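Chain and residue survey
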Amino acid sequence: MRRTLIAANWKMNHTVAETNVFFGNFTVSLHTDIELLFCVPFTDLYQTKHILKDTGIKWGAQNVFPAPKGAYTGEISPYMLKEAGCTYVICGHSERRQILKESDEFVAKKVKAVYDNGMIPILCVGETEAERKAGKTKERLQEETQAIFLQFEEPPTKEIVIAYEPIWAIGTGEASSPEKAEEVALYIRELISTEWGKETSQKIRILYGGSIQSNNISSFITQKNIDGCLIGGAGLKPNELHKIYQKASIKEEE
Ligand code: PGA
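To keep things clear, this report deals only with the structure shown in the data block. (Residues numbered from 1 in each chain as written. Predicted model: local features only at pLDDT ≥ 70, side-chain atom pairs only at ≥ 80, totals over all residues. Heavy atoms only, no water.)

1. Observations regarding the overall build of the protein
When its secondary structure is counted, the protein shows 11 helices and eight strands. For the protein, the C-alpha atoms occupy an extent of roughly 50 × 45 × 35 Å along the three principal directions. Within the protein, the proportion of its 254 residues that are buried is 53%. Restricting to contacts in the protein with at least 6 residues of sequence separation, those with at least 24 account for 72%. Summed over its atoms, the accessible surface of the protein is roughly 12,000 Å², and 52% of this surface lies on carbon and sulfur atoms. Counting 30 positive and 34 negative side-chain charges, the protein places the centres of these two groups 1 Å from one another. (Helix = DSSP H or I, 4+ residues; strand = E, 2+ residues; numbered from the N terminus. Buried < 20%, exposed > 50% of the residue type's maximum accessible area, 1.4 Å probe, protein only. Contact = heavy atoms within 4.5 Å. Areas by Shrake-Rupley, 256 points an atom, 1.4 Å probe, with all protein chains shown as cover. Lys, Arg positive; Asp, Glu negative; His and termini not counted. Charge placed at Lys NZ, Arg CZ, Asp CG, Glu CD.)

In structure tokens, the structure reads:
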């Protein structure tokens, strides 16, 4: 069975002082089958590690540079993230693809670098509003996943997570319909199955992201092919994230 993953992506929010305040106000009763993850800014990683070590809650990063070390001013290597205790690293969030012009190939190299360094990549994929309207959602997902397939000579034996985040649903308050998200998640699983085989495709966790809140999480995680959620805005609010995690736990107990 695939474990549920509830992942908060803080984006460029929370100083170290604000991180302390957030965790001072955040309470959760962890459920063994539901992972809770905070992907925080680089500058918050060590304080987050200090606060979360021994709690069972995981922490991770929002980006990485796909090289071990060297002359890459301003960048952070996979090993630096590993040293900071990261379990997961988000790769290719749409904000980086759009604002920083990261290509599918560059994102795929990040996924491989994270994987090779013993952490779990969370690959973000998803179509723009224009692509959706033009009926090009599947085509876009094919391109984004194909770039990843090219990086692996063999099907992966360790974990990779894929987050389906329709770009028009991010930060807009207008989530995809759960049924549509399930249809896309199933399609992504089929793409993986064709390339890496059925067994691998059944192991890979697929998340949904885009305007998730406590009042809609249940309808997403009860879908067969959706194994959790990547949460932006709601993950900055301790009470709201607490409620989201609670609702995810109820699903697991049913
Ligand atoms: P949102 O962001 O939950 O604020 O829509 C999701 C994301 O960007 O991962």
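2. What to know about the side chain of Asp104
Within the secondary structure layout, Asp104 lies in helix 5 (residues 104-116). One polar contact links Asp104 to Arg97, side chain to side chain, over a distance of 2.9 Å. The residues touching Asp104, leaving out its near neighbours within four places in the chain, are Arg97, Arg140, Glu143, Glu144 and Ala147. (Polar contact = N/O pair within 3.5 Å; in protein donor to acceptor, adjacent residues only side chain to side chain.)

3. With respect to the pattern of salt bridges
All told, the structure shown has 22 salt bridges when counted by the stated rule. The closest approach of N and O atoms between Arg205 and Glu159, which form a salt bridge, is 2.8 Å. Pair noted here: Arg205 is in strand 7 (residues 205-209) and Glu159 is in the loop between helix 7 (137-151) and strand 6 (161-164), with a separation of 46 residues, a long-range link. Residue class for Arg205 comes out buried when judged on its relative accessible area of 1%. The shortest N-O distance in the salt bridge between Glu183 and Lys180 comes to 3.3 Å. With Glu183 and Lys180 both in helix 8 (residues 178-196) and three residues apart, this pair spans about one turn of that helix. A single network of salt bridges, built from pairs that share partners, joins Arg97, Asp104, Glu131, Arg140, Glu143 and Glu144. (Salt bridge = Lys/Arg side-chain N within 4 Å of Asp/Glu carboxyl O.)

Distances and angles like these do not, on their own, reveal function.
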